There are 2 protein chains.
Amino acid sequence: MSSQMQQIVLASRPDGAPGHDNFRLETSDMPTPGAGEILVKVAYMSLDPYMRGRMDDAKSYAAPVPLGGKMEGGSVGHVIASNADGFAEGDAVFGPFGWASHAVADARMCRKLNPDLAPITTALGVLGMPGFTGWYGLNEIGKPKAGETLLVAAATGPVGSMVGQLAKAKGLRAVGVAGGPDKCKLATETFGFDACVDHRAHDNVSGLRDALKEAAPDGIDVYFENVGGPVLEATLPQMNRFGRIPLCGMIAWYNAGGLGDGASSQGLTGPKLWRTLLVNHLTVTGFIIANHWDRYGEFLTEVAPMVADGRVKYEEDITEGLENAPQAFMDMLRGGNTGKTIVKVG
Amino acid sequence: MSSQMQQIVLASRPDGAPGHDNFRLETSDMPTPGAGEILVKVAYMSLDPYMRGRMDDAKSYAAPVPLGGKMEGGSVGHVIASNADGFAEGDAVFGPFGWASHAVADARMCRKLNPDLAPITTALGVLGMPGFTGWYGLNEIGKPKAGETLLVAAATGPVGSMVGQLAKAKGLRAVGVAGGPDKCKLATETFGFDACVDHRAHDNVSGLRDALKEAAPDGIDVYFENVGGPVLEATLPQMNRFGRIPLCGMIAWYNAGGLGDGASSQGLTGPKLWRTLLVNHLTVTGFIIANHWDRYGEFLTEVAPMVADGRVKYEEDITEGLENAPQAFMDMLRGGNTGKTIVKVG
């Protein structure tokens, strides 16, 4: 076993979009697992939009990453030393190992994986937090009904592609939004969306609105909201009465500097938003998937077989090397990824 | 029967708060009821905040009042000529008679009242649209649970007082917001609110926020939203996780000039609002009570006995004379009324 490990820490808080200066690669001694803990060699780590929020010190649903602290996140890897019952050397595990080559974690926070059932990377995407987010939000809040129209942005991402495929399976018209013709093609040809709007082809809200109108001629009943920004602005007026909006993210605004004054230049004022909800009898429900892990088993039972037999497809975008995680993260926030963003660490 | 009638028409569209110039009192010949219609002499007419929205020509859930058209609204009165089965001269009726001394209406749009059960004015307030709005929004969207805390603004108005009293009856802590010490006293002493915050005593959002914190020390689970503006801004950060917000109005913003640029100076940006919903797992559902008249019978069955035996109290603010309706309406929009605003016409 090597005697040293590497990790990426938060060097400074970003003002707007993160840059390389905000991250620092550090080398430290290999830790030893205490009672009930395991030491894991990370194989793949996840990069997710929510991590941008943790870099700010604004009050949120989770504590911010402290300055100098390890960037947090879920990863998969293999146990190389165990002080916990039920975990043995060589076991494949998912856990909160963060942006690191190795990590010690409380075994109760980790989950053993069966590599024979699915590649372990799926625990980061299609069968992990993003896929579960799509499943939960669509079903519990979106309450989709056959014949309705669903819209989701970041349609080829791990949340959007799950939402679109599940909606199709339930008999809805699924409309996606994605950046660029290649992603739109992936959305319709691989993930089965009925239509996909390329938001890069429309440099203003009204152009986007017209394109959505064409893609969703009967209006939108369920808008699975994970981006905010211009897509939200273009979508709201096209929501049908009694529409539902599961709200799990707003990546377009994550770099807006705390969403305060910097964001008030957006065309969408609070009163305008409120009025649209009122007039169209819309329901918006925000949700943080971390509050719903009690439903995860139900998700796996339903969706894992669909992944196994190809009814639910997934794409992964794998970058090699821990040191390249910051660049991959920045690219992802700009929509440079295609599919679930993963860094191969081991 | 007099041969002439009077009505108030929309003379021009207001820019911000309405003024006398926006209204015109007109005299015209008495109309004759056609087949299926009744002619009614109006006794009392209702003034409600939603009427402000009808004065604009913005797209909304109901068509705007046309320029030169009669101001719309619900009224109660007595049939003086009937061409409709089931309606006879002298019958007390509720219907869409608008701001007028007399009106002809399709009898299918009217409802006979029994003056022995309750004063006919109650059909405009506590047992009419406002009371029904409070009952529906609280129960269907607010989903109140004993031990929780409810907040409602305009606490002594016909919606707010219904919401507060029903919440108390269900075992919630009911906190009101009202303008001035007299209304706050009315809220606690007559309507039984546990506490009432005087928004006029706080000239900024943060002062209001502190006062709400004191009045609702355990946070707010249900915010019955009928005002928008600073009260909403002060309330949002104090919503408990999984809180519910039935949204039926936003009177604080009705004079904001179409809620566009004029309102973007409000501190509450779209992104900020969205983020609060997300982080605190809140559900907002807009509703227009006109879509739910199928539940009205259920409301009356439950609440009419509570009004009859005094468990649900109500206040009426009655102005004399049709010609004084514009002034009473403007006063109401400024919060100058106490209780349900009614104009005695007959």
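In this text the structure is predicted, and so the values were computed from the model without any measurement. Residues take numbers from 1 onward in each chain, read along the sequence in its written order. Written order decides the labels, with chains lettered from A and ligands numbered from 1. Only residues with pLDDT of at least 70 are given local features in this predicted model, and only at 80 or more are side-chain atom pairs given and counted; all residues enter the totals for whole chains, interfaces and linings. As a rule here, side-chain values come from all non-hydrogen atoms in the structure, and water together with hydrogens is ignored.

Caption draft 1: Region of the structure containing the overall build of chain A. We count a stretch as a helix when DSSP gives it H or I for four or more residues in a row; a strand needs E for two or more, and each element gets its number in order from the N terminus. When its secondary structure is counted, chain A shows ten helices and 15 strands. To get the radius of gyration, use the C-alpha atoms; to get the globule rule, take the number of residues to the power 0.38 and multiply by 2.2 Å. Taken over C-alpha atoms, the radius of gyration comes to 20 Å for chain A, in line with the 20 Å a tight globule of 346 residues would show. Note on exposure labels: buried denotes an accessible area under 20% of the residue type's maximum, exposed denotes more than 50%, and partly exposed covers the range between, all computed with a 1.4 Å probe on protein chains only. In chain A, which comprises 346 residues, the share counted as buried stands at 57%. Residues count as neighbours in contact if any of their non-hydrogen atoms are within 4.5 Å of one another. Across chain A, the fraction of contacts at a sequence separation of at least 24, relative to all contacts at a separation of at least 6, is 67%. Here the Shrake-Rupley method, with its probe set to 1.4 Å, supplies the accessible areas, and only the displayed protein chains count as covering residues. Per element, the accessible surface of chain A, about 13600 Å² overall, is 49% carbon and sulfur. Charge centroids of chain A, computed over 30 positive and 38 negative side chains, lie 6 Å from each other. In this count, Lys and Arg are taken as positive residues and Asp and Glu as negative ones, while His and the chain termini are left out. Lys charges are placed at NZ, Arg charges at CZ, Asp charges at CG and Glu charges at CD.

Caption draft 2: Structural view of the packing of aromatic side chains. Pairing of aromatic side chains requires ring centres within 6.5 Å, counting the rings of Phe and Tyr and the six-membered ring of Trp. Pairs whose planes differ by under 30 degrees are stacked, by over 60 edge-to-face, and all others tilted. Under the criterion given, the structure shown has 24 aromatic pairs over all chains. Ring geometry for F23 of chain A and W99 of chain A: centres 5.5 Å apart, planes at 10 degrees, overall stacked. A residue pair is termed long-range when its members are at least 10 positions apart, and F23 of chain A in strand 2 (residues 23-29) and W99 of chain A in the loop between strand 5 (92-95) and strand 6 (102-106) qualify at 76 residues. Each member of the pair F23 of chain A and W99 of chain A is classed as buried. Taking 5.1 Å as the distance between ring centres and 70 degrees as the angle between the ring planes, the aromatic pair formed by W293 of chain B and Y296 of chain B counts as edge-to-face.

Caption draft 3: Quick peek at the pairing of strand 1 (residues 4-10) of chain A. Residues and elements named next belong to chain A. Counting buried residues along strand 1, five of its seven residues qualify, which places the element largely inside the surrounding structure. With seven bridges connecting them, strand 1 and strand 2 associate as antiparallel partners. Paired with Q4 across the bridge in strand 2 is D29. Note on pairing: DSSP must find at least two bridges between two strands before they are called paired.

Caption draft 4: Representation of the domain arrangement of chain A within the structure. Residue and element names in this part refer to chain A. Segmentation of the chain into domains, including their bounds, is taken from an automatic or database domain assignment. Each assigned domain of chain A is listed with its residue range as follows: domain 1 (4-124 + 314-344) and domain 2 (129-290). Here domain 1 and domain 2 have C-alpha centroids that lie 28 Å from each other. Listed per partner, the contact involves 20 residues of domain 1 and 13 residues of domain 2. Buried area: the accessible surface (1.4 Å probe) lost by two parts on joining, summed over both. The junction of domain 1 with domain 2 conceals about 1300 Å² of combined surface from both sides, 62% of it contributed by carbon and sulfur atoms. The rule for a salt bridge is simple: a side-chain nitrogen of Lys or Arg has to be within 4 Å of a carboxyl oxygen of Asp or Glu. At the boundary of domain 1 with domain 2, the tally comes to zero salt bridges. Whenever a nitrogen or oxygen atom comes within 3.5 Å of another N or O atom, the pair is scored as a polar contact, on the condition that within protein one atom can donate a hydrogen and the other can accept it, and that pairs from neighbouring residues in sequence are kept only if both atoms are in side chains. The interface formed by domain 1 and domain 2 contains three residue pairs in polar contact (both at pLDDT 80 or more).

Caption draft 5: Region of the structure containing helix 8 (residues 296-308) of chain B. Residues and elements named next belong to chain B. Any helix carries an expected span of 1.5 Å times its number of residues minus one. When the terminal C-alpha atoms of helix 8 are compared, their 17 Å separation across 13 residues agrees well with the 18 Å that a helix rising 1.5 Å per residue should span. All buried positions along helix 8 are accounted for by Y296, F299, V303, M306 and V307. Count one or two residues on from helix 8 and you reach G310, which has phi positive near 85 degrees.

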